[in-house]
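Fold and contact review
Each chain, written out:
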Amino acid sequence: MALLGLVAIPPTAVFVGKLTTATAAWDGGYAWLAVVGFLNTLVSLFYYLRWIVPTCRDLALASPNRDHPRRMTRRVGDGRRGVRRRLAALSLAVGVAARLLRSVAASP
């Protein structure tokens, strides 16, 4: 989820941040800076997908057999998995609720 956020896939919190920054640059008369930011995001898409695709493919091809070594190592990190899931959910929640958070932050 963190890598998808860095690529600026909606509705993650990083997407909202990148969009807000690009909008501010555009409105401030720095359209070239917004374009450079979007081009950088396109380049990062290539880089991060090189990490995301093999990870997802490996998870999809994992054997359901309990004796498989990969399954054994996954059980060791169960506590961290819960933290990762909560952080991913938080990133999605902030991305979805960005308009509400923005209005709350802008109010005096």
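Because the structure is predicted, anything quoted here is derived from the model rather than measured. (Residues numbered from 1 in each chain as written. Predicted model: local features only at pLDDT ≥ 70, side-chain atom pairs only at ≥ 80, totals over all residues. Heavy atoms only, no water.)

Quick look at the overall build of the chain now. Across its full length, the chain holds 6 helices and 0 strands. Going from N to C terminus, the chain has its helices and strands arranged as α-α-α-α-α-α. Put simply, the chain has 108 residues, and 16% of those count as buried. If you take every contact in the chain between residues at least 6 apart in sequence, the share linking residues at least 24 apart comes to 47%. (Helix = DSSP H or I, 4+ residues; strand = E, 2+ residues; numbered from the N terminus. Buried < 20%, exposed > 50% of the residue type's maximum accessible area, 1.4 Å probe, protein only. Contact = heavy atoms within 4.5 Å.)

Our next topic: the packing of aromatic side chains. This model, assessed by the stated rule, comprises 2 aromatic pairs. Ring centres 6.5 Å apart and planes at 75° place the aromatic pair Tyr-30 and Trp-32 in the edge-to-face group. Using a relative accessible area of 48% as the deciding quantity, one classes Tyr-30 as partly exposed. Ring geometry for Tyr-47 against Tyr-48: centres 5.3 Å apart, planes inclined by 70°, an arrangement best described as edge-to-face. Look at Tyr-47 and you get partly exposed, because its relative accessible area is 41%. The exposure class assigned to Tyr-48 is buried, which follows from its relative accessible area of 19%. (Phe/Tyr/Trp six-rings, centres within 6.5 Å; stacked < 30°, edge-to-face > 60°.)

With that settled, consider the confidence of the model for the chain. Here the chain shows a mean pLDDT of 78. Residues at 70 or above account for 79%. Ranking the elements of the chain by mean pLDDT puts helix α4 (residues 69-76) last with 52 and helix α2 (residues 13-27) first with 88. (pLDDT = per-residue confidence, 0-100.)

Together, Val-83, Leu-87, Leu-90, Val-94 and Leu-101 make up a nonpolar patch on the protein surface, roughly 420 Å² of accessible area in all. Considering each element in turn, the nonpolar patch owes the most residues, 4 residues, to helix α5 (residues 78-96). Looking at where Leu-101 falls in the secondary structure, it is placed in helix α6 (residues 98-106). (Patch = residues over 30% accessible without salt bridge, like charges linked within 9 Å, V, L, I, M, F, W, Y side chains within 5 Å. Areas by Shrake-Rupley, 256 points an atom, 1.4 Å probe, with all protein chains shown as cover. Salt bridge = Lys/Arg side-chain N within 4 Å of Asp/Glu carboxyl O.)

When the terminal C-alpha atoms of α2 are compared, their 21 Å separation across 15 residues agrees well with the 21 Å that a helix rising 1.5 Å per residue should span. At the exit of α2 stands Gly-29, carrying a positive phi of roughly 90°. (Expected span 1.5 Å × (residues − 1).)

Attention now goes to the layout of surface pockets. Approximately 210 Å³ is the volume found for the second largest pocket. Lining the second largest pocket, in full, are Val-16, Leu-19, Thr-20, Thr-23, Ala-98, Arg-99 and Arg-102. Going through the elements one at a time, α2 and α6 are the ones with two or more residues in the lining of the second largest pocket. Here the element with the most residues in the lining of the second largest pocket is α2; it accounts for 4 residues. The residue makeup of the lining of the second largest pocket, split by class, is 3 nonpolar, 2 polar and 2 charged. (1 Å grid on protein atoms, 1.4 Å probe; cavity = no way out; pocket = protein on both sides within 12 Å on 5 of 7 lines; lining within 4 Å. Points joined across faces, edges and corners; volume = space filled by probe spheres on them. Nonpolar A, V, L, I, M, F, W, Y, C, P; charged D, E, K, R; others polar.)

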